[in-house]
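Take a look at the letters that make up each chain.
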Amino acid sequence: MLFHSFGFFLFFWIVFGVYWRLREHERRMRWLLAASIIFYGLWSPWFVLLIAFTAGADYLIALQIEAAAQERARRAWLVLSLVVSLSLLAFFKYAHFMLEAGSGLLALFGFGFVPPAFDLVLPLGISFYTFETISYVVDVYRGRVRAERNVFHYALYIMFFPHLIAGPIVRPSQFLWQIRTRKHFDWARLQFGAQLFLRGLLKKAVFADRLALVVDPIFRAPGEFSSATLWLGTVAYAVQVYCDFAGYTDMARGVAQAFGFKLPINFDRPYLAASVGEFWRRWHITLSSWVRDYLYIPLGGSRDVAWKTYRNLIFSMVILGLWHGAGWNFIVFGLYHGVLLSLERAFPLPAWTQRGLPRLARIGVTFTVVCFGLVIFRNPSLAGGAIMLQRMLQPLAGATLPLSVVTITLVIIGLIFAGHVFGRARLWRDLAGRVPAPLVGVAMACLFLLIQLLIPEDGGTFIYFQF
């Protein structure tokens, strides 16, 4: 079920109504767990068993880690957990890619190898819940959290349906204590959750899906369009992928608020970043911080000589790129950002340059290099990405878009950047606090109806569902 579908609205109101009718805290949590299993099972009942196996294994392993007296045993259990989780992720997500890459490598040395043909369905959300189970076991190993004894609480931590499919990636220290805390119905919290949901619905169902109608044809045949159109398509895609994923996150956070839970912020006006490093502190925050804490720092971070720091940065970003999908474009995307982060660290701008180059100019440069990376990210083939980048950098004639389409696209882009600029002001929340509750309700209902009218007929699934 998509968050912006009628089926989800029906599902939500049933779950919401029963949840708050139940008086006992544990019954609420088990009802929420049952609803989450149904939510995922409507896509594929069999993959519920896969999550149950992964989560169950790590639940038991965490208990063994905490009970083990010797460090050697604790480390052995940790390694077993990582092997199980990463093996399943590699099998379902990267098997085809690894076989094809191996076949190509063997062909270079004159060996013929045809990889076996088998059709694997990628389980929804496998990258997200795998990282959550890993963070749980690692945090238990490090002593940051206690192993959870209540199996239903642990299962709800993994399967809580608002964040199950596409995040945000939730740490055990952020969520397990919320499961143990008794919830009390709060109209103000419900209103805030509804505002978050409507904001996300607007981003996804109106802005992102409308931009997809412009972006998809351009990226499908970049050699046919003019350089100016390719630039417009690239900026439109940057806004589309932000609206799509940030919209999902807003909706997930809004739904969680309705049940008394708080999910972490995943985006903080990323296109106002003045450096690539700052961009990754603002974009997909739960993933980039996960990679930092569970990969980059354990590798050594920036504690050693400079070249090892650059190695750690590049390796971490390649893994981050590969997390998004099995393809050379994702590897090159990660490598590209790893090199940029290394260059920023190797050649920091001196103080006089910072004063001489206004922040607005640095934001423009950062957004431009991020857009170049998104061209690589969006094109499934490296050749297609290279053609598009070449035509963007070398002014060439070609097909253009109708003026009406260009106008709508520029209006959406302008609205998102205006939202970035004024987002910190929290004008909506301040205004809502001064307006009488009935008027706020009417305004939100009108916005919901307006969104339904503006949703394009060809609206699709969330982009990050494929990751």
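In this text the structure is predicted, and so the values were computed from the model without any measurement. (Residues numbered from 1 in each chain as written. Predicted model: local features only at pLDDT ≥ 70, side-chain atom pairs only at ≥ 80, totals over all residues. Heavy atoms only, no water.)

## Re the overall build of the protein
What counts, and what does not: Under the DSSP-based scheme used, a helix requires at least four consecutive residues in state H or I and a strand at least two consecutive residues in state E, with every element numbered from the N terminus. A contact between two residues is defined here by any heavy atoms of the two lying within 4.5 Å.
On a plain count of helices and strands, the protein comes out with 20 helices and zero strands. By sequence separation, contacts in the protein at least 24 residues apart represent 77% of the contacts at least 6 residues apart.

## Observations regarding the packing of helix H10 (residues 227-258) against helix H17 (residues 382-393)
Condition: Interaxial angles span 0 to 180 degrees and are taken between N-to-C directions of axes, which are lines fitted to C-alpha atoms, for helices over the stretch in contact. The labels follow the angle: roughly parallel below 35 degrees, roughly antiparallel above 145, roughly perpendicular from 65 to 115, and oblique for the rest. It is the rotation of the near helix from the far one that decides the hand of a crossing: anticlockwise by less than a right angle makes it left-handed, clockwise makes it right-handed. Only Asp, Glu, Lys and Arg are considered charged, only Ala, Val, Leu, Ile, Met, Phe, Trp, Tyr, Cys and Pro nonpolar, and every remaining residue, Gly among them, polar.
Put simply, H10 and H17 touch, their axes get as near as 8 Å, and they point 120° apart. Taken together, the axes of H10 and H17 lie oblique to each other. Of the two elements, H10 crosses H17, and the hand of that crossing is left-handed. Here H10 contributes Ser227, Leu230, Trp231 and Thr234 to the contact with H17, which in turn contributes Met388, Arg391 and Met392. Partitioned by chemical class, the residues of the contact of H10 with H17 number four nonpolar, two polar and one charged.

## With respect to the nonpolar core
So the rule is basically this: Within this scheme, the nonpolar core is defined by two criteria: the residues are buried Ala, Val, Leu, Ile, Met, Phe, Trp, Tyr or Cys, and they are joined through side-chain atoms within 4.5 Å. Exposed residues in this analysis have more than 50% of their type's maximum accessible area, buried residues have under 20%, and partly exposed residues fall in between, with area computed by a 1.4 Å probe over protein chains only.
With 133 residues, the main nonpolar core has Phe8, Tyr40, Phe259, Phe261 and Tyr271 as its most contacted residues. Per-element accounting of this core gives the leading share, 18 residues, to H10. What Phe259 contacts, discounting residues up to four positions off in sequence, is Phe12, Val15, Phe16, Tyr19, Trp20, Leu32, Phe161 and Lys183.

## Observations concerning helix H5 (residues 126-142)
Each full turn of the α-helix corresponds to 3.6 residues, which orients residues three or four apart in the same direction. Note the threshold: A helix is expected to span 1.5 Å multiplied by its residue count minus one.
When the terminal C-alpha atoms of H5 are compared, their 24 Å separation across 17 residues agrees well with the 24 Å that a helix rising 1.5 Å per residue should span. Burial runs high along H5: 16 of the 17 residues are buried. Two residues or fewer after H5 comes Gly143, characterised by a positive phi angle close to 80°.

## Describing helix H2 (residues 25-41)
The terminal C-alpha atoms of H2 lie 24 Å apart, and with 17 residues this matches the ideal 24 Å at 1.5 Å per residue to within 8%. What H2 keeps buried is the set His25, Arg28, Met29, Leu32, Leu33, Ala35, Ser36, Phe39, Tyr40 and Gly41. For H2, the elements touching its buried residues are helix H1 (6-21), helix H3 (45-67), H5, helix H6 (151-159), helix H7 (161-164) and helix H8 (172-180).

## Some details on the packing of helix H16 (residues 359-378) against H17
Direction vectors running N to C along H16 and H17 enclose 145°, while the axes themselves pass 8 Å from each other. Where H16 crosses over H17, the handedness of that crossing is right-handed. Mapping the contact onto sequence places Phe372, Val375 and Ile376 in H16 and Gly385, Met388, Leu389, Met392 and Leu393 in H17. Residue composition of the contact of H16 with H17, grouped by class: seven nonpolar, one polar and no charged.

## A short note on the packing of aromatic side chains
Threshold: Geometry of aromatic contacts follows a simple scheme: Phe, Tyr and Trp rings, the Trp one being its six-membered ring, pair when their centres are within 6.5 Å, and the pair is stacked under 30 degrees between planes, edge-to-face over 60, tilted otherwise. Throughout this description, the term charge over a ring refers to an Arg CZ or Lys NZ atom that lies within 6 Å of the ring centre and within 35 degrees of the ring normal.
For the structure shown, the criterion picks out 54 aromatic pairs. Geometrically, the ring pair formed by Phe12 and Trp13 is edge-to-face, given 5.1 Å between the ring centres and 70° between the ring planes. Judged by its relative accessible area of 10%, Phe12 is buried. Where Tyr19 meets Phe259, the ring centres are 5.0 Å apart and the plane angle is 90°; that geometry is what we call edge-to-face. Remark: Phe259 occurs in the loop between H10 and helix H11 (276-282) and Tyr19 occurs in helix H1; sequence separation between them is 240 residues. When the ring centre of Tyr19 is taken as reference, the NZ or CZ atom of Arg28 above it lies at 5.7 Å. The ring centre of Phe152 lies 4.0 Å from the NZ or CZ of Arg30, which sits over that ring.

## Observations concerning a nonpolar patch on the surface
This is how the line gets drawn: Within the patch definition used here, like charges are joined within 9 Å and nonpolar side chains (Val, Leu, Ile, Met, Phe, Trp, Tyr) within 5 Å, considering only residues with over 30% relative accessible area and no salt bridge. Each accessible area is a Shrake-Rupley estimate made with a 1.4 Å probe; only the visible protein chains count as cover when residues are assessed. The working definition used for a salt bridge is a side-chain nitrogen of Lys or Arg within 4 Å of a carboxyl oxygen of Asp or Glu.
A surface patch of nonpolar side chains, about 410 Å² in accessible area, is lined by Phe6, Leu10, Ile14 and Val18. Among the secondary structure elements, Leu10 is positioned in helix H1.

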